[in-house]
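Residue-level listing of the chains:
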Amino acid sequence: MRVVLVWPPIRLPRVFAHYPTFSAIGLLSGAAFLRARGFDVHVVDALSMTGRLNLRPDGGDFRHLGAEVEEVAREVERVVEEGAGGRAIVVVALTMFSEMNRPHETLIAATTAAIRGRLPETPLGLCDFHVGGMNYFPYDARRALGVVPAADWIAVGEAEPSLPALFARLAAGESPAGLPRLCVREPTGALAWNPAEPPTPPSIDDYPPPAFDLLDMDEWFAVQAEAIRAELVHEYHLVERQLPLMTSRSCPYRCSFCTNQVMGLPWRAHSIDWLRRELPALRARFGVDRFMFLDDNINVDRKRFRELVSFMGDQRIAWDAVNGYRADLLDDEAVAAIKVAGNTKITVSAESGDPEILGQLIGKKLKISKVVEIARICEARRMPLQVHYIVGVPGETKRQMNRTLEFATMLFEQHGAWPLLQHAIPFPGTQLFRDCEEHGWFVAPPFEIPGEVLEQESVIRTPEFEPGEVMRMKWNAQRLLDSMQQLAWIEVGGGAADGCLACTPSSTPALDAIERALERARFLGAREAFLGGPDPTLRDELPEIVGRARAHGLERVTLVGHGRGLVDGERGAAILGARVDRLVIDLHGADAPTHDAIAGVDGAFATALAAIRRALSADVAVEVRAAVMRDN
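Calculation criteria
Residues numbered from 1 in each chain as written. Predicted model: local features only at pLDDT ≥ 70, side-chain atom pairs only at ≥ 80, totals over all residues. Heavy atoms only, no water. Helix = DSSP H or I, 4+ residues; strand = E, 2+ residues; numbered from the N terminus. Buried < 20%, exposed > 50% of the residue type's maximum accessible area, 1.4 Å probe, protein only. Expected span 1.5 Å × (residues − 1). Contact = heavy atoms within 4.5 Å. Phe/Tyr/Trp six-rings, centres within 6.5 Å; stacked < 30°, edge-to-face > 60°. Lys NZ or Arg CZ within 6 Å of the ring centre and 35° of its normal. Pairing = 2+ DSSP bridges. Axes fitted to C-alpha atoms, helices over the stretch in contact; angles between N-to-C directions. Core = buried A, V, L, I, M, F, W, Y, C linked by side-chain atoms within 4.5 Å.

Peer 1: I'd love a proper account of unusual backbone geometry, names of residues and values included.
Peer 2: The phi dihedral of E231 falls on the positive side, at around 60 degrees, and the residue is not glycine. By secondary structure assignment, the location of E231 is in the loop between α6 (217-229) and β11 (242-245). Classification of E231 as exposed rests on a relative accessible area of 53%.

Take a look at the structure:
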């Protein structure tokens, strides 16, 4: 009997946290598992079946992603009728983008109804196809089946342990009622639910790689390229053939906010031998540029992780760990190997800068010092580092939130660890959700809150904080950090402050120190360099410094100071010829007596005006800076 697995179109919120084009990996893993056990498996993937992304508005803050519902139903009908005698089982996948606690926000009911309309006699059900590394939102299976009347059953959780027995019964014309983690609509209309857990295999080496070959992978990668350009693949903006994969499933840790705890599954990993065999084969078969490992926690086993990193480096197989690493299980040797292997960045989770919050409320079992240590290592190795933080956890005070935001700012300023700030989101099934429900901390009944709001707004109110306060603190910190990343202030010296009342004396650093500062600024993501002094235009090497800034990839160079060197014909021509974009110049008063008195130099006002005219004549933008003092 033919089995047709359907990845439906999805309604995608404007703000979302995961990777829609990677999320069918659970369905493809289930497809491979079933095929290896003799089933005739076919896949209809709404996201790639037409070779186009089809991203369009779909009401409110949602967008439609993938083929239209009727297109999917027609394709399912075609695939079924191609089989022997048209006998088939059809399964529609549930996804983290089609959460069944809010079925009206999904296209599950519409897709299932459209398929049922074309195939009224075909066994038709729903399945989670959950794999570790993807958020999982638990739901009432009987209620979900009740709002999808076209479906005969729902299989909950990981697919591999459950589906073979289910399909064997369906193929034999028997009722699947009573199988573990299955809700079945009986002929009477009653819904029979067995919540028992199926046995979880201790090893996943018996699982074959996801059945990517059941898709047209050229079309799949073409759609992925559209998704990258549309910024649907977070943080990855280079169009590559990126293939998602799991090297392990689940996580042994149980942080209070993480959906990993929902299924309670043990951590299981493919052996290095399995990975050595399958990864090169997948790369060769599908022309993969980069593997995107979706593991919940890829470096749980240090020895296995070192072997994996070493193998990937030796084979020059580029990869990234999308969900990040555990900071206290990384060291200098691992970071060096990760860089050699072609990773674009390292991501770890600090969650909080307050040890009390981290240990007692979040349960991270992580020392803040380990995050600082890995930040130092990554800076020394020039390996980009991202650090996740969460604010607005129940029990947290505003002072503790500020401590986290200050820690995030410090770690970026001192070591270049780019912070990813998030507010606490109480996902169903987590301890955080249960705590909010028990203490009445939700701002409204949780499932009456639109799903897209969870990513955009805090929905937690406690005696210590209001939701609006959490978001204001988060966004104020984010704006500060954005400006710190974009702009780099670099002291280059160039003349003493003399008797200037508005200036701060500074040293004149050596060229190699400036070179290191420029390189670090670009590593941190700066796009514009501010060269300060008090008057950088008086430094003889300024044209060379501007050239070095350009060579490091800085897009704009701004000079900040008095601009006296621009008045000198030869010096000014050399400076302006080095491609300066902007001059920020000091004017301490609206007339010569006021300005000259503050500057401590006779004729300084006339010199400043001459410098402004010289810059404007060379099409260099000019901004005037005035320090407000009692004297002016």
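Peer 1: Pulling in residues and values, what's your account of helix α1 (residues 25-36)?
Peer 2: For α1, spanning twelve residues, the distance from its first C-alpha to its last is 17 Å, which sits close to the expected 16 Å at 1.5 Å a residue. Within α1, ten of the twelve residues are buried, which leaves the element mostly enclosed by the surrounding structure. Count one or two residues on from α1 and you reach G38, which has phi positive near 95 degrees.

Peer 1: Residue-level account of helix α17 (residues 511-523), with values.
Peer 2: It helps to recall that an α-helix has 3.6 residues per turn; residues three or four apart then point in one direction. With 13 residues, α17 should cover 18 Å at 1.5 Å per step; its first-to-last C-alpha distance of 18 Å lies within 8% of that length. I514, L518, A521 and F523 are the residues of α17 that are buried. Looking at the buried side of α17, the elements it contacts are α12 (368-381), β19 (487-491) and α18 (542-551). Of the residues flanking the end of α17, it is G525, one or two places downstream, whose phi is positive at about 100 degrees.

Peer 1: Can you explain the packing of aromatic side chains? Please cite residues and give values.
Peer 2: Considering all chains together, one arrives at 16 aromatic pairs under this definition. Plain terms: the ring middles of F16 and F97 are 6.2 Å apart, the flat faces sit at 80 degrees to each other, and that makes the pair edge-to-face. Taken as a pair, F16 in the loop between β2 (10-13) and α1 and F97 in the loop between β6 (88-93) and α3 (108-118) lie far apart in primary sequence, 81 residues in all. Owing to a relative accessible area of 11%, F16 belongs among the buried residues under this scheme. Judged by its relative accessible area of 9%, F97 is buried. Put simply, the rings of F212, W220, F221 and F286 pair up and form one aromatic cluster. Taking the ring centre of F33 as reference, the NZ or CZ of R37 above it sits at 3.6 Å. Lying across the ring of W475, K474 places its NZ or CZ 4.9 Å from the centre.

Peer 1: Report on the sheet that holds strand β10 (residues 191-194), specifying residues and quantitative values.
Peer 2: Overall, mixed pairing links the seven strands, which are arranged β3-β1-β6-β7-β8-β9-β10 in an open sheet. The sheet terminates laterally at β3 (40-45) and β10, the two strands that pair on one side only. When the angles between neighbouring strand axes are averaged without regard to direction, this sheet yields 20 degrees. Summarising the sheet, strand β9 (residues 182-185) and β10 pair through four bridges and their orientation is antiparallel. Counted as the bridge partner of L182 is N194 from β10. Across the sheet, α1 touches β1 (2-7), β3 and β6, and the angle it forms with β3 is around 165 degrees. Lying over the sheet, helix α2 (residues 69-82) contacts β1, β3 and β6, oriented at roughly 165 degrees with respect to β1.

Peer 1: Lay out the nonpolar core with the relevant residues and their values.
Peer 2: Grouped together as the largest cluster of nonpolar side chains are 136 residues, with contacts concentrated most on W153, F167, F291, M312, W319, Y325 and I346. Of the residues forming this core, the biggest block, seven residues, is contributed by α12. Discounting chain neighbours no more than four positions away, the residues touching W319 are R290, F291, F293, I298, F305, V309, M312, Y325, I338, A341, G342 and N343. One finds A67, V79, C183 and M263 within the second-largest nonpolar core, a separate group that totals 34 residues.

Peer 1: With reference to specific residues and values, describe the pairing of strand β20 (residues 528-532).
Peer 2: Counting buried residues in β20 gives five out of five residues, a clear majority hidden from the surface. Along β20, one buried face is formed by E528, F530 and G532 and the opposite face, lined by A529 and L531, is buried too. By the bridge criterion, five bridges tie β19 to β20 in an arrangement that is parallel. By the bridge assignment, I490 is partnered in β20 with L531. When β20 meets strand β21 (residues 556-561), the two strands line up parallel, connected through four bridges.

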